Structures are given as C-alpha cells and as structure tokens.
Amino acid sequence: MALLEVKGVQVKFNGFLALRGLDLKIEAGELRCLIGPNGAGKTTALDVICGKARPSVGEIVFDGHKTSRLDEHRIARLGVGRKFQVPSVFRELTVRENLDVAQSKTAGVFRNLGPRKRHDPALQRLAEFVGLADERDEPAGNLSHGQTQWLEIAMLMAQDSRLILLDEPTAGMTAAETRKTAELCRRLKGQHSLIVVEHDMGFIREIGDVISVMHQGRLLAQGTVAEIEVDPLVKEAYLGSGGISHA
Ligand SMILES: Nc1ncnc2c1ncn2[C@@H]1O[C@H](COP(=O)(O)OP(=O)(O)OP(=O)(O)O)[C@@H](O)[C@H]1O
Ligand SMILES: [Mg+2]
C-alpha cells in the first residue's frame, strides 16, 4: 500500500476549482517532484494533503488513515510535515532549541516533564545532517536564508514527519545553497517520503526521480525528466510561460 493516496480530490475556493480531480500516489521513501505552470494547483495540492485546505470531493489516505476530515494538527501527528514559504522558526531560540521544540511537539506531554538534556545526541545528529552542526548554539535569527530553510527541514525531521512537503524550497537561494538543498533532498529520500514543488528545472534535474506535472488542477503527466520534457501535452501546458525549462 502506498504511504499517501490522493484520490479524485477537488478543492473549491469561492466556486473556483483549484483542484479538479487530483490523483497522486506516493510510496514510502519516495522523492516526488511536483511541477506545473503558475496556478496549476501545486500549492493547493500540498495544502489539501496537510489539512490546510479541505477537499469538497475525493479522499486522502495517509498510512491507512483517511485524513480528509482531520484537522491539521492531527495530520501532522500522523507524520505529515509541511514547510511553508514563510519560515516558522523561532528567531530568538538557538538551532538546538528550535529542534528541541519541534521534537517535543509530537512526543506527547510526558517528554516535557523530564529535565531537558543539553546535548541530545539525536538533535545533534539532525543538526549535522542538514549541515548546521557549527551553528547549533546560534540564534536562528542569525542564520542565512538557506540555513533557515535547512533548519526548518531538520525541524520536520525532529517531528518525525514521514512525509515532508516542500513548496519551492530553493526560492531566494544562491546557486550553492540550491545545490546543497538538492543534495539534502537526495539524502532524505529513503528515510522519508518527500513531495517537492519546484519551478527550478536545474534543481529538478539534480534530484531526479519521478516528476508529476500538474495543469489546471489535475495531473497532466508523470515520468522521468527526460520523458516529461518531450511530452507534447506538457509542452503545450507550458506555452505562454516560456517553456518548461524556463519555468
Ligand atoms: N485562497 C484562495 N482563494 C481563491 N483562489 C485561490 C486560493 N488559493 C489558490 N487559488 C487559486 O487556485 C489556483 C491554484 O493555485 P495554487 O496556488 O495552488 O497554484 P500553484 O500551482 O501553486 O501556482 P504557483 O506556481 O504560482 O505557485 C490559482 O488559480 C489560484 O489563483
Ligand atoms: Mg504555489
């Protein structure tokens, strides 16, 4: 059974159908890229998976649970982690403290009653995993834009998110930061499932794997980068936005 199944999902905003029957299946440990022209419904797809938007029709099943009617916190506790474009780190807390807060969010009330370990080895490993070992005692407010994004990814890992949803993670990043983020996504795969929404085709090529293309609220095509780049339906969908490689 797939870890996530989105079945015929519709999302309506004041009568406008942002999703018109979206189907998507993500296996455990899979890294899936989601692309599509502006307004295709990519962000709405992530919103409906994490419970921020509600389907008017259709069903979402995560790890055997029907999540379409559950609230966002409950879905997060089941293991769906969403990174928003506006950072949700606590700027005055250190990297380690931010990870600690993220970890205690899903660990239940009992964890918070015990004494805090100053050097939790699991949090230390997480900081290392995302390349922030040297910054662990820095307030998050001192981090660069890229480092802040990586801290947020580490926070989703600390929360035990089995499915991590990233919406344009490389927006505003330098070329070096973008490469490092691609490498981080490749290392996350296997341990976590990921859905990465991106316009940057260079980044998509680097992380590879299966690409799903959305257009007008539906899945238009799916395949490798090489397959979707020559797909006439995909080319047509991107007409007017300068072509897929310039998206
Ligand atoms: N809260 C909302 N109210 C009304 N319409 C909305 C709302 N959110 C999204 N839409 C509309 O739904 C459609 C899909 O939007 P969405 O943000 O999911 O697209 P996207 O694929 O993420 O686009 P982009 O690449 O520009 O980020 C768009 O036409 C958008 O204008
Ligand atoms: Mg979007």
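Residues numbered from 1 in each chain as written. Chains lettered and ligands numbered in written order. Predicted model: local features only at pLDDT ≥ 70, side-chain atom pairs only at ≥ 80, totals over all residues.

Pulling in residues and values, what's your account of the overall build of the protein?
A tally of helices and strands in the protein yields 10 helices and 10 strands. Its C-alpha atoms give the protein a radius of gyration of 18 Å, within 12% of the compact-globule value 18 Å for 247 residues. Counting only C-alpha atoms and orienting by the principal axes, one finds that the protein spans roughly 55 × 40 × 35 Å. Every one of the 247 residues in the protein was classed for burial, and the buried ones make up 40%. (Helix = DSSP H or I, 4+ residues; strand = E, 2+ residues; numbered from the N terminus. Rg over C-alpha atoms; globule rule 2.2 N^0.38 Å. Buried ≥ 20, exposed ≤ 12 C-beta atoms within 10 Å, placed from the backbone.)

Outline the sheet that holds strand 1 (residues 4-13), supporting the account with residue identities and numerical values.
As summarised here, the arrangement of the four strands in space is 2-1-4-5, forming an open sheet in which the pairing is antiparallel. Strands with a single pairing partner mark the edges of an open sheet, and in this sheet they are strand 2 (16-26) and strand 5 (65-66). Note that strand 1 and strand 2 share eight bridges and pair antiparallel. Note on strand 2: the bridge partner recorded for Val11 is Leu19. (Pairing = 2+ DSSP bridges.)

An account of unusual backbone geometry is needed here, citing residue identities and associated values.
Despite not being glycine, Asn14 has its phi angle at roughly 45°, a positive value. Mapped onto the elements, Asn14 comes out in the loop between strand 1 and strand 2. Residue Asn14 is classed as exposed on the basis of its C-beta count, with 4 C-beta atoms lying within 10 Å. You will see that Glu168, though not glycine, has its phi angle at about 50°, which is positive. Looking at where Glu168 falls in the secondary structure, it is placed in the loop between strand 7 (163-167) and helix 7 (175-188).

Please give an account of helix 5 (residues 121-129) that cites residues and values.
Of the residues making up helix 5, those classed as buried are Leu123, Leu126 and Ala127. Projected down its long axis, helix 5 carries its buried residues within an arc of 100°, all on one side. Opposite its buried face, helix 5 presents the exposed residues Pro121, Ala122 and Arg125, each directed more than 90 degrees away. Remark: Gly131 follows helix 5 within two positions and exhibits a positive phi of approximately 80°. (Arc of directions from axis to C-beta.)

Tell me about the nonpolar core, residues and numbers included.
Ile49, Leu99, Leu151, Ala154 and Val196 are the most contacted members of the largest nonpolar core, which totals 66 residues. With eight residues, the single largest contributor to this core is helix 6 (residues 145-158). Beyond its immediate stretch of four places on either side in the chain, Val196 contacts Leu31, Cys33, Leu34, Leu166, Pro169, Cys185 and Ile207. (Core = buried A, V, L, I, M, F, W, Y, C linked by C-beta atoms within 7 Å. Contact = placed C-beta atoms within 7 Å.)

Which residues make up the site of ligand 1, and what values do they have?
Taken together, Phe13, Asn14, Phe16, Ala18, Gly36, Asn38, Gly39, Ala40, Gly41, Lys42, Thr43 and Thr44 make up the full set of residues adjacent to ligand 1. Among the elements of the structure, strand 2 and helix 1 (42-50) are those that each provide at least two residues to the shell around ligand 1. For the shell around ligand 1, the element with the most residues is helix 1, which contributes three residues. Across the shell around ligand 1, the residue classes tally to four nonpolar, seven polar and one charged. (Near = placed C-beta within 6 Å. Nonpolar A, V, L, I, M, F, W, Y, C, P; charged D, E, K, R; others polar.)

Tell me about the packing of helix 5 against helix 6, and please be specific about residues and values.
Packed helices, taken two at a time, are described by the angle between their axes plus the distance between the axes. As a packed pair, helix 5 and helix 6 sit with axes 9 Å apart at the nearest point and diverge in direction by 145°. With respect to the hand of their crossing, helix 5 and helix 6 are arranged in right-handed fashion. For the pair formed by helix 5 and helix 6, the contact residues are Leu123, Leu126, Ala127 and Phe129 on the first element and Ala154, Met157 and Ala158 on the second. Considered class by class, the residues forming the contact of helix 5 with helix 6 number seven nonpolar, no polar and no charged. (Axes fitted to C-alpha atoms, helices over the stretch in contact; angles between N-to-C directions. Left-handed = near helix turned anticlockwise from the far one by under 90°.)

Hey, could you go over the packing of helix 6 against helix 7 for me, with residue numbers and the actual values?
Helix 7 packs onto helix 6 with a crossing angle of 15° between their chain directions and a minimal axis gap of 10 Å. Comparing their axes, helix 7 and helix 6 come out roughly parallel. Handedness of the helix 6/helix 7 crossing: right-handed. Of helix 7, the residues touching helix 6 (which contributes Gly146, Gln149, Trp150 and Ile153) are Glu177, Lys180, Thr181 and Leu184. (Parallel < 35°, antiparallel > 145°, perpendicular 65-115°, else oblique.)

All quantities given are derived from atomic positions and should not be read as evidence of function.
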